[in-house]
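# Commentary on secondary and tertiary structure
The primary structure of each chain is shown beneath.
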Amino acid sequence: MSNKKQEKIPSPLPSLQNKADNFNRFNEYLAQQDKEVKQRLTGKVWRATSKPPAYKNAHNILKTGHKPLDEVIQGWRLGLTTEIGLDKAGVGELRLLLPAIKALQKSPSGAKQVLWIAPPLMPFAPALVKAGLDLNFLHIVQTQCLKDTLWACEQALSSGSCAATICWTNNQPLKNREIRRLQLAAEQHNTWHVLFRNRRFLEQSSVSNMRLQISNNKRSQLNVKVIKQPNSWGGQSCTLSLRPHYENWQRLPVELLPVPQCQRQTKQTANVGVISGNKSKVTLIMALHDMQVVL
């Protein structure tokens, strides 16, 4: 017989018990983290299978002035970029925005200045006055290239002095990085920002929070289709009946309008200034309120 002492084999139970305890503690940690995450995301995450919730921040919504459109998008959202695609300029995009611009200018508090950057057509001042706009708070920035357009738009949004900044880029492509810069600038001062682009760009992805497509018909109606909107899904559409724009009249000089000569007094002056601090070549501001037309 061997005199060697029999070696004791350690029991595996303690190690298994430690693993079970660690596993239970880890599950408790995950459950606590899951509870905290759900509390933080309550009311902030929307699932497409549920009904879109009403937008809680009513002060960040500007009514469009068109009841069918308000039912679809709840209103224009302040502090983000609204991207609107259209086939060509002059389909009724300004008539779509005029009620909201008028409401901003008549607001008792906040900024009232409205800036239009690089519009493809010169707006007709008498028509804007007839629509109820105050030309003392409406300015136009003319640019020579896309770089100047984006620079002027970002500076206007970042300044916080404009109630609305409306920009046209037309057929020029934009990078998501450029749109993101404009959107972040709009968030700083809760400014209403509208970006007009060609409708073919709506087929591409974009970081814009809201994207709409508009087109007109022979009955002076504007068809609006929602491509993307916050806290809801796209695909909705509506038709708006707008006032006739008398397209032929708007393209005539003031002297050729169908008004008797004895009733017409015209005084046209335009003050042009250069935006300081712009390293690009030329960016001009033309104030519409300096073009006084009395019919």
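The model shown is predicted, which means the values in this text are computed figures rather than measured ones.

### Concerning the nonpolar core
A general feature of soluble globular proteins is that nonpolar side chains tend to end up buried together. Residues Trp76, Leu97, Trp116 and Trp192 are the most contacted members of the largest nonpolar core, which totals 39 residues. With six residues, helix H3 (residues 93-105) is the largest single contributor of residues to this core. Among the nonpolar cores identified, the runner-up in size contains 18 residues, and Val141, Leu150, Leu157 and Cys167 belong to it.

### Focus on the packing of helix H5 (residues 146-159) against helix H6 (residues 176-188)
For any two helices packed against each other, the geometry comes down to the angle between their axes and how far apart the axes lie. Look at H5 against H6: their axes get within 7 Å of each other, and the N-to-C directions meet at 20°. In terms of axis orientation, H5 runs roughly parallel to H6. Relative to H6, H5 is oriented so that their crossing is left-handed. Together, Leu150, Cys153, Glu154, Leu157 and Ser158 of H5 and Glu178, Arg181, Leu182, Ala185, Ala186 and Gln188 of H6 make up the contact between the two elements. Across the contact of H5 with H6, the residue classes break down as six nonpolar, two polar and three charged.

### So, the pairing of strand E4 (residues 113-117)
Burial within E4 is extensive, with four of its five residues counted as buried. In this structure, E4 lies alongside strand E6 (residues 162-170), joined through five bridges in parallel fashion. Residue pairing in the sheet places Ile117 in a bridge with Cys167 of E6. Across four bridges, E4 lies against strand E5 (residues 138-143) in parallel orientation. In the sheet register, Val114 faces E5, and the bridge partner there is Leu138. Handedness of the β-α-β unit built from E4, helix H4 (residues 125-130) and E5 comes out right-handed.

### Focus on the side chain of Gln229
You can see Gln229 is positioned in the loop between strand E9 (221-228) and strand E10 (237-241). Accessibility expressed as a relative area gives 6% for Gln229, which makes it buried. In terms of polar contacts, Gln229 uses its side chain to reach the backbone carbonyl oxygen of Val72, at 3.5 Å. Residues within four places of Gln229 in sequence aside, it is in contact with Val72, Ile73, Asn209, Met210 and Gln236.

### A short note on the pattern of salt bridges
Scanning the model with the defined rule gives four salt bridges in all. Notably, a salt bridge pairs Asp87 with Arg199, separated by 3.1 Å at the nearest N-O pair. Of this pair, Asp87 sits in the loop between strand E3 (81-86) and H3 while Arg199 sits in the loop between strand E7 (192-198) and strand E8 (210-216), placing them 112 residues apart in sequence. Asp87 sits in the partly exposed class, given a relative accessible area of 43%. Look at Arg199 and you get partly exposed, because its relative accessible area is 33%. The structure contains a network of salt bridges with shared partners spanning Glu83, Arg197 and Arg211.

### Let's talk about unusual backbone geometry
Its identity as a non-glycine residue notwithstanding, Ala118 has a phi of 55°, on the positive side. Among the secondary structure elements, Ala118 is positioned in the loop between E4 and H4.

### Concerning H5
Here H5 is 14 residues long and its end C-alpha atoms lie 20 Å apart, about the 20 Å a rise of 1.5 Å per residue gives. All buried positions along H5 are accounted for by Leu146, Asp148, Thr149, Leu150, Ala152, Cys153, Glu154, Ala156 and Leu157. Looking at the residues trailing H5, positive phi occurs at Gly160, about 75°.

### With respect to the packing of aromatic side chains
A full pass over the atoms with the stated rule returns three aromatic pairs. For the ring pair Trp168 and Phe196, a centre distance of 5.2 Å and an interplane angle of 25° mean the geometry is stacked. Of this pair, Trp168 sits in strand E6 while Phe196 sits in strand E7; the two residues are 28 residues apart in sequence, bridging distant segments of the chain. For the pair Trp168 and Phe196, a shared accessibility class is recorded, and that class is buried. Aromatic ring contacts, followed pair by pair, group Trp116, Trp168 and Phe196 into a single cluster. Its guanidinium or amino end placed over the ring of Phe201, Arg197 lies 4.5 Å from that ring's centre, counting from NZ or CZ.

Conventions we followed
Residues numbered from 1 in each chain as written. Predicted model: local features only at pLDDT ≥ 70, side-chain atom pairs only at ≥ 80, totals over all residues. Heavy atoms only, no water. Core = buried A, V, L, I, M, F, W, Y, C linked by side-chain atoms within 4.5 Å. Buried < 20%, exposed > 50% of the residue type's maximum accessible area, 1.4 Å probe, protein only. Helix = DSSP H or I, 4+ residues; strand = E, 2+ residues; numbered from the N terminus. Axes fitted to C-alpha atoms, helices over the stretch in contact; angles between N-to-C directions. Parallel < 35°, antiparallel > 145°, perpendicular 65-115°, else oblique. Left-handed = near helix turned anticlockwise from the far one by under 90°. Contact = heavy atoms within 4.5 Å. Nonpolar A, V, L, I, M, F, W, Y, C, P; charged D, E, K, R; others polar. Pairing = 2+ DSSP bridges. Right-handed = clockwise from strand over helix to strand, strands pointing away. Polar contact = N/O pair within 3.5 Å; in protein donor to acceptor, adjacent residues only side chain to side chain. Salt bridge = Lys/Arg side-chain N within 4 Å of Asp/Glu carboxyl O. Expected span 1.5 Å × (residues − 1). Phe/Tyr/Trp six-rings, centres within 6.5 Å; stacked < 30°, edge-to-face > 60°. Lys NZ or Arg CZ within 6 Å of the ring centre and 35° of its normal.

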